[in-house]
Amino acid sequence: MSLFHIESDRSKYPQPGDDGKLVVDLDSHKYVKLWQGPNHPGVTGNMAIELTLAGDEIVQAKTHVGYLHRGFEKLIERRLFLQGMQTSIRMCVAEPDTNEYVYCQCVEELSGIEIPEMAKWIRTLVLEMSRLQSFLRVVPGQGGTTGLGIGVQWGMYMRELILDRFEELTGGRIYHMYFTPGGVRGLLPQGFKKRMEENLKEIDDFIIRIDDLMYSNAVFKKRTVDVAVINPSWVDKYGIVGPVARSAGFNRDVRKDYPYLIYDQLDFEPKVMNHSDIYNRSRIRWYELQQSVDLIRQIMARMPENGDFKAPTPNVLHWEIPKGEAYVRAESSRGEYGLYMVTDGSTKPRRVNLRGPSYTQAVCLLEDMLVGANIADVHSIMVSLQTCPPEIER
Amino acid sequence: MKNLINKLSKVYELSDVVYQRPNFTYATTTKENTISLITQLRDLEGFSHFVLLSCVDWIEDNLFQLTYILNNPTQKYDIAIRCMIDRNEAAMTSAHYLWEQIATYQRELKEMYGIEFPGSPRLNENFILEGWDNIPPMRRDFDTKKYSEETFFPRERPSSNDPATYMKSRLHPDEWDGKIAE
Amino acid sequence: MSLKDILLPFKAWANVAKEPVSLKNPMREGAPRYRGFHKNDIETCIGCGTCEAICENEAIVMVPVEGVAGVETKSGDSGLRPLIDYGRCCWCGLCVDICTTQSLTMSNEHTWVVTDPEELKFIPGVDKKTWDNNELGWKKPAPNYHFYGQERVSMGELHAEERGDSFIEFVKGYSKEQAQLEADRCVECGICTATCPAHMGIPEYIKAVRNNDMEEGLRVLYATNPLPEICGRICTHKCEDVCSVGQQGEALSIRWLKRYIADQIPSEKYHEILDTQNIYKGDKKIALIGAGPASLSAAYYLSLMGHNCTIYEKLEKAGGMMRYGIPSYRLPYDQIDKDINYIESLGVQFVYNTNVDAAKLMELNKTHDVVYIGTGLHLGRSTGIPGSDHEHVFQSIDLLRKITQGEEIMVPEKVVVIGGGNVAMDITRSMVRLQKAKYGKVHVLATSLESEDIMPADREEVVEAREEGAIIDPGWGPKSIEIVDEKIKGLHVYKCLSIFDENRRFSPKFDTEDKKFFEADMVIESIGQGMDISYLSEELKSKLTFDPRGRLTVNKNFQSSLPWLFVGGDMVQGPDVIHGIANGHKAAIGIDYYLNSKK
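Procedures and definitions
- Residues numbered from 1 in each chain as written.
- Chains lettered and ligands numbered in written order.
- Predicted model: local features only at pLDDT ≥ 70, side-chain atom pairs only at ≥ 80, totals over all residues.
- Heavy atoms only, no water.
- Helix = DSSP H or I, 4+ residues; strand = E, 2+ residues; numbered from the N terminus.
- Rg over C-alpha atoms; globule rule 2.2 N^0.38 Å.
- Areas by Shrake-Rupley, 256 points an atom, 1.4 Å probe, with all protein chains shown as cover.
- Phe/Tyr/Trp six-rings, centres within 6.5 Å; stacked < 30°, edge-to-face > 60°.
- Buried < 20%, exposed > 50% of the residue type's maximum accessible area, 1.4 Å probe, protein only.
- Contact = heavy atoms within 4.5 Å.
- Buried area = accessible area lost by both parts, 1.4 Å probe.
- Salt bridge = Lys/Arg side-chain N within 4 Å of Asp/Glu carboxyl O.
- Polar contact = N/O pair within 3.5 Å; in protein donor to acceptor, adjacent residues only side chain to side chain.
- Nonpolar A, V, L, I, M, F, W, Y, C, P; charged D, E, K, R; others polar.
- Disulfide = S-S within 2.5 Å.
- Pairing = 2+ DSSP bridges.
- Axes fitted to C-alpha atoms, helices over the stretch in contact; angles between N-to-C directions.
- Parallel < 35°, antiparallel > 145°, perpendicular 65-115°, else oblique.
- Left-handed = near helix turned anticlockwise from the far one by under 90°.
- Expected span 1.5 Å × (residues − 1).

Trainee: Residues and numbers for the overall build of chain A, please.
Mentor: Looking only at helices and strands, one finds 14 helices and eight strands in chain A. For chain A, whose C-alpha radius of gyration is 22 Å, the value lies close to the compact-globule estimate of 21 Å for 394 residues. Referenced to the eigenvectors of the C-alpha coordinate spread, the extents of chain A come out at roughly 70 × 50 × 35 Å. Accessible surface, chain A: about 13300 Å² in total, of which carbon and sulfur atoms supply 52%.

Trainee: Describe the packing of aromatic side chains, and please don't skip the residues or the numbers.
Mentor: Summed over the entire model, instances satisfying the criterion amount to 45 aromatic pairs over all chains. A ring pair is formed by Y260 of chain A and Y263 of chain A, whose centres lie 5.0 Å apart and whose planes are at 65 degrees; its orientation type is edge-to-face. In this pair, the class of Y260 of chain A matches that of Y263 of chain A, namely buried. Between the aromatic rings of F50 of chain B and Y68 of chain B, the centroid separation amounts to 6.4 Å while the plane-to-plane angle is 65 degrees, which identifies the pairing as edge-to-face. Residue F50 of chain B is located in strand β3 (residues 49-58), and its partner Y68 of chain B is located in strand β4 (residues 63-72); the two are separated by 18 residues in the primary sequence. We note that F50 of chain B, like Y68 of chain B, is buried. Every member of this aromatic cluster is reached through a ring pair, and the members are Y359 of chain A together with F50, Y68, W99, Y105 and F127 of chain B.

Trainee: Before we move on, can you summarise the interface of chain A and chain C with the specific residues and values?
Mentor: At the interface, 46 residues of chain A touch 47 residues of chain C. Together, the buried faces of chain A and chain C total about 3500 Å²; carbon and sulfur atoms form 53% of this surface. Together, R185, L317 and H318 of chain A form the three largest contributors to the area buried by chain A at its contact with chain C, with a combined 19%. Where chain A meets chain C, there are six salt bridges. Linking R185 of chain A and D97 of chain C is a salt bridge whose minimum nitrogen-to-oxygen distance equals 2.9 Å. At the surface where chain A touches chain C, the tally comes to 27 residue pairs in polar contact (both at pLDDT 80 or more). Mapped onto the side of chain A that touches chain C, the elements with two or more residues apiece are α2 (81-88), α5 (149-170), α6 (192-215) and α7 (218-224) of chain A. With eight residues, α5 of chain A is the largest single contributor of residues to the side of chain A that touches chain C. Each residue belonging to the side of chain A that touches chain C can be placed in one class, and the counts come to 18 nonpolar, 14 polar and 14 charged.

Trainee: Summarise the side chain of D377 of chain A; cite the residues concerned and give the values.
Mentor: With respect to the element layout, D377 of chain A can be found in the loop between α12 (357-370) and α13 (378-384). Non-local contacts of D377 of chain A, meaning those with residues more than four positions away in its chain, are made with R223 and V227 of chain A.

Trainee: So what's going on with the state of the cysteines? Residues and values would help.
Mentor: All names here are of chain C. Applying the stated criterion across every chain, the model contains zero disulfides over all chains. C45 takes part in no disulfide bond, and the closest cysteine sulfur to it belongs to C99, at a distance of 6.3 Å. Take C45: its relative accessible area is 7%, and that puts it in the buried class. Here C95 is not disulfide-linked; the sulfur of C92 is the nearest cysteine sulfur, at 6.2 Å.

Trainee: Now, about the pairing of strand β2 (residues 24-29) of chain B: what can you tell me, with residues and values included?
Mentor: Both faces of the sheet carry side chains from a regular strand, because those side chains alternate between them. Residue and element names in this part refer to chain B. Burial of β2 is extensive: six of the six residues sit out of reach of the surface. Alternating positions in β2 separate into two faces, F24, Y26 and T28 on one and T25, A27 and T29 on the other, with burial throughout. Pairing between strand β1 (residues 15-21) and β2: four bridges, direction antiparallel. Bridge pairing in β2 places S15 opposite T28. Bridge count between β2 and strand β5 (residues 77-86): six bridges; the pairing is parallel. Opposite T28, over in β5, you have R82 as the bridge partner.

Trainee: How would you explain the packing of helix α5 (residues 176-184) of chain C against helix α7 (residues 202-210) of chain C if you had to name every residue and give the values?
Mentor: Residues and elements named next belong to chain C. Close contact between α5 and α7 brings their axes to 8 Å; oriented N to C, the two are set at 135 degrees. By the angle between their axes, α5 is oblique relative to α7. Considering the relative orientation of α5 and α7, their crossing is left-handed. Across from A179, Q180, A183 and D184 in α5, the residues of α7 making contact are I206, V209 and R210. The residue inventory of the contact of α5 with α7, partitioned by class, reads four nonpolar, one polar and two charged.

Trainee: Would you mind going over helix α18 (residues 422-439) of chain C in detail, with residue names and values included?
Mentor: Residue and element names in this part refer to chain C. For α18, with 18 residues, the first-to-last C-alpha span of 25 Å sits near the 26 Å given by 1.5 Å per residue. Burial in α18 covers these residues: N422, A424, M425, D426, I427, T428, R429, S430, M431, V432, R433 and Q435. Just downstream of α18 lies G440, where phi reads positive at about 80 degrees.

Trainee: Before we move on, could you go through the pattern of salt bridges and cite the residues and values that matter?
Mentor: Tallied over the entire structure, the rule returns 87 salt bridges over all chains. With a closest N to O distance of 3.1 Å, R297 of chain A and E197 of chain A form a salt bridge. Here R297 of chain A, found in helix α11 (residues 278-302), pairs with E197 of chain A, found in helix α6; they are 100 residues apart in sequence, far enough to count as distant. Judged by its relative accessible area of 23%, E197 of chain A falls in the partly exposed class. R259 of chain C serves as the salt-bridge partner of E169 of chain C, at 3.3 Å between the closest nitrogen and oxygen. Here R259 of chain C lies in helix α11 (residues 254-264) and E169 of chain C lies in the loop between α4 (160-163) and α5, a separation of 90 residues in the sequence. As far as the burial class goes, E169 of chain C and R259 of chain C line up, both buried.

Trainee: I'd love a proper account of the pairing of strand β6 (residues 324-332) of chain A, names of residues and values included.
Mentor: Residue and element names in this part refer to chain A. Burial of β6 is extensive: eight of the nine residues sit out of reach of the surface. One ladder, built from nine bridges, connects β6 with strand β7 (residues 335-343); its direction is antiparallel. The residue bridging A330 from the neighbouring strand is Y337, located in β7. Two successive antiparallel strands, β6 and β7, enclose a turn made up of two residues.

Trainee: Run through the environment of V96 of chain C, naming residues and quoting values.
Mentor: Residues and elements named next belong to chain C. Note that V96 resides in helix α3 (residues 94-98). Taking C-alpha positions, V96 is 48 Å from D337, a pair spaced 241 residues apart along the chain. Sequence-distant contacts of V96, that is, excluding residues within four places in its chain, are made with L104, T105, M106, W138, K139 and K140.

Trainee: Describe the interface of chain A and chain B, with residues and values.
Mentor: Each partner contributes to the interface: chain A provides 44 residues, whereas chain B provides 48 residues. The junction of chain A with chain B conceals about 3800 Å² of combined surface from both sides, 49% of it contributed by carbon and sulfur atoms. Looking at the side of chain A facing chain B, the largest losses of area belong to K74, R350 and Y359 of chain A, adding up to 18% of the total buried there. On the surface where chain A and chain B come into contact, there are 10 salt bridges. Across the pair D78 of chain B and R329 of chain A runs a salt bridge whose closest N-O atoms are separated by 2.5 Å.

Trainee: Describe the sheet that holds strand β18 (residues 522-525) of chain C, naming the residues involved and giving the relevant values.
Mentor: One key point about sheets: their strands pair by backbone hydrogen bonds, in either a parallel or an antiparallel sense. Residues and elements named next belong to chain C. Across the sheet, five strands lie side by side as β11-β18-β12-β13-β14; this open sheet has parallel pairing. Single-partner strands in this sheet number two, and they are β11 (393-395) and β14 (471-472). Here strand β13 (residues 444-447) runs beside β14; their pairing, made up of two bridges, is parallel. From the neighbouring strand, A446 faces β14, where its bridge partner is I472.

Trainee: Got a sec to walk through the environment of L213 of chain A? Specific residues and values, please.
Mentor: Mapped onto the elements, L213 of chain A comes out in helix α6. The exposure class of L213 of chain A is buried, given its relative accessible area of 3%. Each residue touching L213 of chain A, except ones within four places of it in the same chain, is listed here: L148, I150, G151 and W154 of chain A together with P9 and A12 of chain C.

Trainee: Explain the sheet that holds strand β17 (residues 506-519) of chain C to me, using residue names and the numbers behind them.
Mentor: Residues and elements named next belong to chain C. Strand order in the open sheet formed by three strands is β15-β16-β17, with antiparallel pairing between adjacent strands. The open sheet has two edge strands, β15 (476-484) and β17, and neither has a second partner. On average, each strand axis in the sheet is inclined to that of its neighbour by 25 degrees, with strand direction left out of account. Two strands pair when backbone bridges link them, and β15 and strand β16 (residues 487-500) are joined in this way by eight bridges, in the antiparallel orientation.

Trainee: Tell me about the environment of I191 of chain C, and name the residues and values.
Mentor: Checked against the element boundaries, I191 of chain C lands in helix α6 (residues 191-195). Along the sequence, I191 of chain C and G49 of chain C sit 142 residues apart, while their C-alpha atoms lie 9.3 Å from each other. Excluding residues within four positions of it along the chain, I191 of chain C makes contact with M167 of chain B together with I46, G47, C48, G76, S78 and V242 of chain C.

Written out as structure tokens, the structure reads:
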């Protein structure tokens, strides 16, 4: 490779054993144990990786979660169907609307409620806004992990603009609690589309600026290109979904493959790349950021002005849903996000199980990917997988 | 989808088949057949994406329901295989060699429900809980509220009044229910 | 990697010249829909506690706030108000969305700094806060956005044309699906319970309908009301007037749900369900005079307590006003019999065609431990206007009794009814039916002192009477009955301006200029009834006490000043069936207490 590259002496590093995994003898005093997290600026939320280092190279990694565990799945088992939604959103702080959607859709599917057309449009709008605000955080956040803090600040400002719109539409900035089984809790306020368009214009400009700042940045490229490459054969083996799978050449997008709400009426094409390194994983999110902006414009242009936004439900205080089970998935900014709900005929769900992308990507995949990586790249890798600990421990 | 279910029914004892959506089917099989069934689905039927392994506690029937949800990304449909296992001696054949993430799921189920998966890697390591000394917390007989009230410092909740009882006591204080006075 | 990759990132320096975007004052106002701190319009709030029921964090508790202006425990208002603990609240706003009165809202205020976390428990609207007058904030999103059904499940009825000429029951009753749908609307607040004179377990029996557990429903009914078939049809349903679901939408059909439960169970199964196959009988004997709802209710509960009851009735069948006052299109006789036969099957003796006079009363006193009188109000009151002594001026109560007894009554072509209560509507609609059968056309007019909005009759009675062809023309005071050649020509009325004076005393004022004349061949007076206590001798009367309105005064056990004499029914409360049932039940407990303490 470059002139300064020196081939190191690998004989002092651990060697693979019979099962192909590295044999690490901690008593040999050759290794350093290091905990990254649970409080670390490179991670969203709280989780820890127990690293074993040989020099600055990682020879073993273990994911530790549990710092956030609040037992939401268990708590929902004690709640009425209407109340469960307000708890389910807390299973992912960064992108709560996907939780709202999958929860409400499960309840609707199990009780046979069809939501009105208007509610479908508004839900799609909210889901895309939610993807957008998540990308606005993670796209520049990837630069942040390599020390490029300025993009993060721009991104945070752009995200605040979207949160302002969320506040206006839903009454809350982070936890919107705007969907409800049967529909949504209100129409768009007067002038919402105009203000949204103003924000989208600023984001258009931001997209170009972040392109110049990050993706045409020699340092950023040096730190990310060809680092932590994901082999396409891993995608099914580890259950990889979303932008990470798409960057490895898999055209999988829940919005296209299993169209929900009104995604089948929208015009978009999932972006696919063929080499999944940190750079491309981040780049693909940058494309999807543009895609989200475009989709929001499409939705706002085509959605009806008025209409019913909530289907009638039985009395929520004693709403019983017959025995059944449903798995509903949606495309979050991190990929397939699903909820498995089992009902038993009572007023409360028997079981709710959330399947978030980080469950596989931040545990078994990350543990294997980190082996051989440089310690300085750990949080770059984590952010490139868009790790969200709350959905691991729910 | 129906063709596939019919084909599989010949080999495995499939029951309670529910065609929930055109591209989503649920079916129950026996505990012994489950792993070979999902292996066949993965290797021969194109269900290459493993979505979810979940457990439902049917405490009244003394059963755990394990649900394996598999996805066929090319045909774009899903199948959920259920199997019932005994709740008292909860154990299931491990499937960790089929997909990497299954080991994580099984580790979680061991911790949260107490289900054994012999041979699954790192099964007994703490996953989410640390120093847990109670029954597995996701079991239905574990009372979250009681536990938290005993373990933590609950915020005192003022006592509430039932409108019906309160109104009766205010509007008809001398009435017969409760006490009869001269 | 190219030179471009090294130079382009430096474009970021252009931002140095830009204005910062951070807010100078971060204490900005929330959006118009912001879910901030709670507000409560305490005068609109009825303290139903639905907000407490939906709160997933148990952040809301209902606390008494007596002594605050606008809040008072009364019929339809529990006097409780929600206290919200911001140490638990998650500001989801479900309490606002479900609020039955829409009194609970949220402001867009989001800043509140305290040093003591206990201060974060407050009663919105009662504890004054700076955001109480904020107009902006989260409110119920739209008038048609609901978490429970707003509209009544419509009840099958015969059309006005079909029912107009027959005395067949015209309200068909709910089917199972309809009943469950209607029961689903209940929010189980319990505001109705204290308002019902009998304090029936209304939310409990509605729950039984929802769960399709009719046996449990029947047990709940009989705990407080031994005449459910009857009440399920003709109760004045004060519960529905205060129903919290009715605050925004239509009140629950509580009465029809009660009827639904009773209708579902055949009378043979009553003993088994209510566990009354073997009831203990002691040696105490009680005589009850008048087989109306009060005596029936008292006899039922006394029988369950093990006492021997005998009911003395002047007429040939039991039921009192329920049988002889209420027309059978509202309350069919077989349903009255179903309830009464069950009471009889518990060992209650009925002695019919026996008029109790002063001598008989003293005899009963000697042969029984306690005498209970529930003879009700069965003497019609006359208006006393000129001409009201004509032989074709009738009392509604007499006519209704004769219709029940199958006697021929006068049915002329033109009838005027004076009165605006339920009895007036009953006779109006009965006359409509008789006229239609006799002449094929209807000419019945009912007029009352009260104007349309304050007519004491149930609203649906007025509406249904009009549907059937009667003319209801309220707001007129009767002046005189015009009689020419010994025949009634009609009724002169003048406009009634007000009924009560400033002290709420009956003192009607008329506009004598604004007159009307209603043609009639027959006038029926239906302006209320009085009681007949001729069976009380002067000696007894002197030992009893009466209130200014002439009613017998009783203590809370419905015991008169003579220890052996208990009184109930319309004579002391009401007048309506449910009061009679309630005070009959209370008297039964009082009698039991008296008998046990006498030993």
